[in-house]
Amino acid sequence: MITPLEALAERARREKARRHLIEYSTYIAPWYKPARAHRYVATKLEQVKRYIETGGKEGIGRLIINMPFRHGKSEQVTRLFSSWLLGCLPDKRVMVTSYGADLAEDDSRKIRDYVSSDGFKALFGELGTYDDEGPVEVSQETRKRANWSLQNHRGGVTAAGIGGGIVGKGAHLLIIDDPYKKRDEADSENYRKSVMRWYRGSAYTRLEDGGAIIVIHTRWHPLDLTGELLIEMASGMGEPWDVVHLPMLALEANEYPQTEEQFQENLLRGIYIPKVDPLRRKSGQALWPQKYNEAAAARIRQNIGDDEFISQGQQLPAQVSGGFFEETDFQIVDHVPEGLQWYVYVDLALGKTAISDYNAAVAEAMDSQGYLYMRDMLRKRKLEDFLDDLVDWMLDPDERGTIWGLEDVAFQSLVWSDLMKDPRLVDKTILAIQPNGDKVSRARPLRSRARKGKVRVVRGSWTLQFIREAISFPTGKYDDQVDTASGGLQMIAEDARENQRPASSAAMVVTSDQIFGISAGVY
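Residues numbered from 1 in each chain as written. Predicted model: local features only at pLDDT ≥ 70, side-chain atom pairs only at ≥ 80, totals over all residues. Heavy atoms only, no water.

What to know about the overall build of the protein chain
And step 1. From N to C terminus, the protein chain includes 18 helices and 17 strands.
And step 2. If one aligns the C-alpha atoms of the protein chain with their principal axes, the spans along those axes are about 105 × 50 × 40 Å.
And step 3. Sorting the 523 residues of the protein chain into buried and exposed places 53% on the buried side.
And step 4. Carbon and sulfur atoms make up 48% of the accessible area of the protein chain, which amounts to about 23,800 Å² in all.
And step 5. Across the protein chain, 69 positive and 76 negative side-chain charges occur, with their mean positions spaced 6 Å apart. (Helix = DSSP H or I, 4+ residues; strand = E, 2+ residues; numbered from the N terminus. Buried < 20%, exposed > 50% of the residue type's maximum accessible area, 1.4 Å probe, protein only. Areas by Shrake-Rupley, 256 points an atom, 1.4 Å probe, with all protein chains shown as cover. Lys, Arg positive; Asp, Glu negative; His and termini not counted. Charge placed at Lys NZ, Arg CZ, Asp CG, Glu CD.)

Describing a negative patch on the surface
And step 1. Judged by side-chain charge, Glu384, Asp385, Asp388 and Asp392 come together as a negatively charged surface patch.
And step 2. Its location among the elements puts Asp385 in helix α13 (residues 383–395).
And step 3. Note on Asp385: relative accessible area 33%, which makes it partly exposed. (Patch = residues over 30% accessible without salt bridge, like charges linked within 9 Å, V, L, I, M, F, W, Y side chains within 5 Å. Salt bridge = Lys/Arg side-chain N within 4 Å of Asp/Glu carboxyl O.)

Here's the deal with the side chain of Glu469
And step 1. Structurally, the position occupied by Glu469 is in helix α16 (residues 463–472).
And step 2. Judged by its relative accessible area of 6%, Glu469 falls in the buried class.
And step 3. In this structure the side chain of Glu469 is engaged in a polar contact, spanning 3.2 Å, whose partner is the backbone nitrogen of Asp480.
And step 4. Once you skip the residues sitting within four places of it in the chain, Glu469 turns out to touch Arg379, Tyr478, Asp479, Asp480, Gln481 and Val482. (Polar contact = N/O pair within 3.5 Å; in protein donor to acceptor, adjacent residues only side chain to side chain. Contact = heavy atoms within 4.5 Å.)

Looking at helix α2 (residues 21–28)
And step 1. Counting buried positions along α2 yields 6 of 8 residues, so the element is predominantly enclosed.
And step 2. Taken together, the buried positions of α2 are occupied by Leu21, Ile22, Tyr24, Ser25, Tyr27 and Ile28.
And step 3. Residues of α2 that are buried make contact with α1 (4–19), α3 (36–53), α4 (73–88), α5 (101–115) and α6 (118–123).

Observations concerning the sheet that holds strand β7 (residues 242–245)
And step 1. Reading across the sheet, the 7 strands line up as β3-β4-β2-β5-β6-β1-β7 and stay open at both edges, with mixed pairing between neighbours. Each having just a single partner strand, β3 (148–149) and β7 make up the two edges of the open sheet.
And step 2. Across 4 bridges, the pairing between strand β1 (residues 62–66) and β7 is parallel. Directly across from Leu63, in β7, lies its bridge partner Asp242.
And step 3. Those strands touched by α4 are β1, β2 (93–98), β3, β4 (156–161), β5 (171–177) and β6 (207–216), and its axis lies near 170° from that of β5. (Pairing = 2+ DSSP bridges. Axes fitted to C-alpha atoms, helices over the stretch in contact; angles between N-to-C directions.)

Structural notes on the packing of α1 against α2
And step 1. In the contact formed by α1 and α2, the axes pass within 6 Å of each other and the chain directions differ by 120°. Here α2 runs oblique to α1, going by the angle between their axes. For the element pair α1 and α2, the recorded crossing hand is left-handed. Residue-level inspection shows Glu10, Arg13, Arg14, Lys16, Ala17 and Arg19 of α1 in contact with α2, the latter providing Leu21, Glu23, Tyr24, Thr26 and Tyr27. (Parallel < 35°, antiparallel > 145°, perpendicular 65-115°, else oblique. Left-handed = near helix turned anticlockwise from the far one by under 90°.)

Focus on the packing of aromatic side chains
And step 1. Considering all chains together, one arrives at 15 aromatic pairs under this definition.
And step 2. Summarising the aromatic geometry, the rings of Tyr24 and Phe124 are spaced 6.4 Å apart at their centres and angled 45° between planes, so their arrangement reads as tilted. Residue Tyr24 is found in helix α2, and its partner Phe124 is found in the loop between α6 and β3; the two are separated by 100 residues along the sequence.
And step 3. Relative accessible area serves as the criterion here: at 5%, Phe124 is assigned to the buried category.
And step 4. Both rings, one in Phe324 and one in Phe325, keep their centres 5.1 Å apart while their planes meet at 65°; by these two values the pair is edge-to-face. Each of the two residues, Phe324 as well as Phe325, counts as buried.
And step 5. Put simply, the rings of Phe324, Phe325, Phe330, Trp462, Phe466 and Phe473 touch in pairs and so form one group of aromatic residues.
And step 6. Arg379 extends its terminal NZ or CZ atom over the ring of Tyr358, reaching a point 3.7 Å from the ring centre. (Phe/Tyr/Trp six-rings, centres within 6.5 Å; stacked < 30°, edge-to-face > 60°. Lys NZ or Arg CZ within 6 Å of the ring centre and 35° of its normal.)

Notes on helix α11 (residues 294–304)
And step 1. Burial in α11 covers these residues: Ala296, Ala297 and Ile300. All buried residues of α11 lie within an arc of 100° about the axis, which places them on one face of the element.
And step 2. Where α11 terminates, the next one or two residues include Gly305, which has phi positive at roughly 95°. (Arc of directions from axis to C-beta.)

Some points on the pattern of salt bridges
And step 1. On inspection of all chains with the given rule, the structure shows 32 salt bridges.
And step 2. Salt-bridge contacts for Glu15 lead to Arg19; the nearest nitrogen and oxygen are separated by 2.9 Å. Of this pair, Glu15 and Arg19 both sit in helix α1, 4 residues apart, which is roughly one turn of that helix.
And step 3. Residue Glu15 is classed as partly exposed on the basis of its relative accessible area, which comes to 33%.
And step 4. For Asp329, the salt bridge identified is with Arg451, shortest N-O distance 3.0 Å. Residue Asp329 is located in the loop between α12 (306–313) and β8 (331–333), and its partner Arg451 is located in helix α15 (residues 439–451); the two are separated by 122 residues in the primary sequence.
And step 5. Among the residues examined, Arg451 registers a relative accessible area of 43% and is labelled partly exposed.

Quick look at the nonpolar core
Nonpolar side chains tend toward joint burial in soluble globular proteins.
And step 1. One finds Tyr24, Leu45, Val48, Ile65, Leu173 and Ile214 to be the most contacted residues of the largest nonpolar core, which totals 51 residues.
And step 2. If one sorts the elements of this core by residue count, α3 sits on top with 7 residues.
And step 3. Setting aside residues up to four positions removed in sequence, Leu45 forms contacts with Leu21, Leu63, Ile65, Gln76, Val77, Phe81 and Ile214.
And step 4. With 29 residues, the next largest nonpolar core counts Phe330, Ala470, Phe473 and Val482 among its residues. (Core = buried A, V, L, I, M, F, W, Y, C linked by side-chain atoms within 4.5 Å.)

Pasting the structure below:
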């Protein structure tokens, strides 16, 4: 027999467990010992629950959680949170996904075990508090399946592997837990593309109105699932995401972005670094000291190597280089010399194999000291939109005297002819350029100049995307920006030889805003 005071305390404890995830977790799993990090994550997850129960009107609807390996991500998010959500909102469906169907199904069974436990029954089941539809419990018909439903409620759990079929099944909560099994998958461009295709074409389309998405994984690559979503968000092409970034050891003070511009630049690299540590840790302090203190983290770093520790432990994946350009080859500047002759080489995607290739153009000029300046990258996939913006750019009064060039091959020649026929462009210099060699050969003069610190790019929303592409050249996903930069340098050299004069002119430094008062369009 328990005393009235003990009964009162138990009722209070159960009420807290129904209201808050951490209290639920310790009630249903007495062995669970949450650290500060887990309590912080729990506050975010409670906001996800709020989003779902309000149909998207309040709370967090898109959440990315990046934490180190073996730090309790899956237990807290995929298993405990999902079971708590079903207890609170038994008419909602949860979809758990992972790199393999077996792992997702194992998570589903563990969620089902929590829902079937005595602790859960005391909170939401036959021994607890429930609505008119009855206690929250697993349907007897599906209790042995990986995809199961609740008795007398519409909720339940669906499990699927990345790339697996989930057509016809909806979700109010979609959890993507570890989309990559190993380093080789994360480094494979084809596999990363397959993950993004699955996310867009299969997983996302299963989301119910007002549904939420949680992406959980250790960082492997700047263009892994988290990286792609961050880049899309920063570029204005994707959804806004709340991000939990919890490295194994708190970063050094100089590693945090000092300005909003630096923060956004990191996002465009596929990297999320908050302006301060969310737990307010001191530099070098461990995330979960009860399990992995600073000494343990040092041993892990020694065994897996710096690169893997920084990527998987610190959630700071490095850009994989194609070996042609390095990030330090390009200097970002805010000023350009006055009075330069500008050239714009237009690289069209016509005739290329990938339908998703970009059309691109960038303005380039060389000063009297041999520094190559690049500004105002125009870049779009759809040719019609690109050409409309290109013509507007050519008509900009600030571009008076700019020399324009297009490849004199295949379909590009037809575009050149159309531009030459446009009466609005009659006073523009538009050249048909014969490209020299393949893309790698054409890029070598640009690399030679860049390696000597002679390439400067004018700061803009395009600059980091250009540098990221250059670093991965020639094996990366895209090469259009490198192609247009290489073509512009060729135009400068050929014009100088034909006119028997230096390619540069005297310079006076002014701000880019003073020269380019009207933006040509940055993409």
